[in-house]
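# Residue-level structural notes
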Amino acid sequence: MRVYVPLTLAGLAQAHTAGEVGPGPLTAYAVTPGLREWYVSDDIEELEYAALSRASAASLRMIAAVPDLPRRRVVLAVDVPDGDAVADPDGPLDHSSVGEVRIAAAVPLAKAAAVHVDADDAEADVSAAADALGAADHGDDDAQFVVDGAEDHELLWFGVQEIPGLIA
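Here's a quick rundown of the structure. (Residues numbered from 1 in each chain as written. Predicted model: local features only at pLDDT ≥ 70, side-chain atom pairs only at ≥ 80, totals over all residues. Heavy atoms only, no water.)

## Let's talk about helix 1 (residues 9-18)
Worth spelling out the cut-off: Whether a residue is buried, partly exposed or exposed follows from its accessible area with a 1.4 Å probe, protein chains only, as a fraction of its type maximum: under 20%, in between, or over 50%, in that order. A run of DSSP states H or I qualifies as a helix once it reaches four residues; a run of E qualifies as a strand once it reaches two. Both are numbered from the N-terminal end. Here, the arc refers to the directions that run from the helix axis to the C-beta atoms. Contact criterion: two residues are considered in contact whenever any of their non-hydrogen atoms come within 4.5 Å of each other.
Taken together, the buried positions of helix 1 are L9, G11, L12 and A15. Taken down its axis, helix 1 places every buried residue within 155° of arc, on the same side. Facing away from the buried side of helix 1, by more than 90 degrees, are the exposed residues Q14, T17 and A18. The elements touched by buried residues of helix 1 are strand 1 (2-7), strand 2 (20-21), strand 4 (74-79), strand 8 (112-117) and helix 6 (163-167). Note on helix 1: the residue one or two positions beyond its end, G19, has a positive phi of about 80°.

## Some points on the side chain of R72
Applicable threshold: Under the rule applied, a polar contact is a pair of N or O atoms within 3.5 Å (in protein, one hydrogen donor and one hydrogen acceptor; residues adjacent in sequence only if both atoms are side-chain atoms).
Relative to the helices and strands, R72 is located in the loop between helix 3 (44-65) and strand 4. Residue classification places R72 among the buried residues on the basis of a relative accessible area of 13%. A distance of 2.8 Å separates a polar side-chain atom of R72 from the backbone oxygen of D118. Beyond its immediate chain neighbours, meaning those up to four positions away, R72 contacts L9, I63, V117, D118, A119, D120, E123 and V126.

## Examining a negative patch on the surface
What counts here: Each patch is assembled from residues with relative accessible area greater than 30% and no salt bridge, linking like charges that lie within 9 Å and nonpolar side chains (Val, Leu, Ile, Met, Phe, Trp, Tyr) that lie within 5 Å. For accessible areas, the Shrake-Rupley method is used with a probe of radius 1.4 Å. Any residue's cover is judged against the shown protein chains and nothing else. A pairing counts as a salt bridge when a side-chain nitrogen of Lys or Arg comes within 4 Å of a carboxyl oxygen of Asp or Glu. Only four residue types enter the charge count, namely Lys and Arg as positive and Asp and Glu as negative; His and the chain termini do not. Here the site of a charge means NZ on Lys, CZ on Arg, CG on Asp, or CD on Glu.
Negative charge collects at one region of the surface, where D121, D125, D148, E151, D152 and E154 lie side by side. Inspection of the secondary structure puts D152 in the loop between helix 5 (141-151) and strand 9 (156-158). Relative accessible area serves as the criterion here: at 64%, D152 is assigned to the exposed category.

## A closer look at unusual backbone geometry
The amide bond that connects G22 to the next residue, P23, takes the cis arrangement and shows omega of 10°. Checked against the element boundaries, P23 lands in the loop between strand 2 and strand 3 (26-29). The omega torsion of the bond from G24 to P25 falls at -5°, within 30 degrees of zero and hence cis. Within the secondary structure, P25 is located in the loop between strand 2 and strand 3.

## Topic: the nonpolar core
What counts is decided by this rule: Nonpolar cores were defined as sets of buried Ala, Val, Leu, Ile, Met, Phe, Trp, Tyr and Cys residues, with membership established by side-chain atoms within 4.5 Å.
One finds V3, V5, V21, L76, V78, I103 and V115 to be the most contacted residues of the largest nonpolar core, which totals 25 residues. The set of elements that each furnish at least two residues to this core consists of strand 1, helix 1, strand 3, strand 4, strand 6 (100-103), strand 8 and helix 6. If we skip the residues at most four places from it in the chain, V78 touches M1, R2, V3, V5, V107, K111, A112 and A113. Among the nonpolar cores identified, the runner-up in size contains 12 residues, and L60, A122, V126 and A129 belong to it.

## Things to note about the packing of helix 3 against helix 4 (residues 123-137)
Rules: Angles run from 0 to 180 degrees between N-to-C directions of axes, and those axes are lines fitted to C-alpha atoms, restricted for helices to the stretch in contact. Here roughly perpendicular refers to angles of 65 to 115 degrees, roughly parallel to angles under 35, roughly antiparallel to angles over 145, and oblique to all remaining angles. Note on residue categories: nonpolar means Ala, Val, Leu, Ile, Met, Phe, Trp, Tyr, Cys or Pro, charged means Asp, Glu, Lys or Arg, and polar means any other residue, Gly included.
Following both chains from N to C, one finds helix 3 and helix 4 inclined at 90°, their axes separated by 9 Å at the closest point. Judged by the angle between their axes, helix 3 and helix 4 are roughly perpendicular. Of the residues in helix 4, those touching helix 3 at L60, R61, I63 and A64 are V126, A129, A130, L133 and D137. Looking at the contact of helix 3 with helix 4 residue by residue, the classes come out as 7 nonpolar, no polar and 2 charged.

## Regarding the pattern of salt bridges
Taken as a whole and judged by the stated rule, the model has 6 salt bridges. Between D120 and R72 there is a salt bridge; the shortest N-O distance is 3.2 Å. Of this pair, D120 sits in the loop between strand 8 and helix 4 while R72 is found in the loop between helix 3 and strand 4, placing the two residues 48 residues apart along the sequence. The class for D120 is exposed, based on a relative accessible area of 56%. Among the ionic pairs, D118 bridges to R73, the shortest N-O distance being 2.7 Å. A residue pair is termed long-range when its members are at least 10 positions apart, and D118 in the loop between strand 8 and helix 4 and R73 in the loop between helix 3 and strand 4 qualify at 45 residues.

## Brief notes about the pairing of strand 1
Under the convention used in this document: Strand pairing requires that DSSP identify at least two bridges connecting the strands.
With respect to burial, strand 1 is a largely interior element, 5 of its 6 residues being buried. For strand 1 and strand 4, the ladder comprises 6 bridges, and the chain directions are antiparallel. Bridged to L7 within strand 4 is V74.

This is the structure:
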């Protein structure tokens, strides 16, 4: 199963040094029954893109929580055995948890398929979105517009072998 693990550039650097993403439990996003129902599509590429988007929103939340982090969203695409990624069927079904899964243990970086990272030109919008996230969560439409501005930036695809250049 392909899962999308939200990270920051600092988290990616730690994973690169350790050779794994962890420790567990990890929160990731995947094509779950809940995501299929929410997204209403049978196209696996669209569903995987939706899971990637959910992970990128979670990465934004990580960035917002630590103001001195570089303002670029990071998502690591990892392949894990199907049984390792578990959705909580009894969890709250709200927009932020759609597609969310838990992975009990650390995941070797060797299982990573790709890294998705914001381009440099997205930093200003991602920074503004991180700053506006709290107000957006409380219903401020102007702040939500700022947060949506970060989502207008597509994450770039990088091979795992390119991680040293991303974290340099």
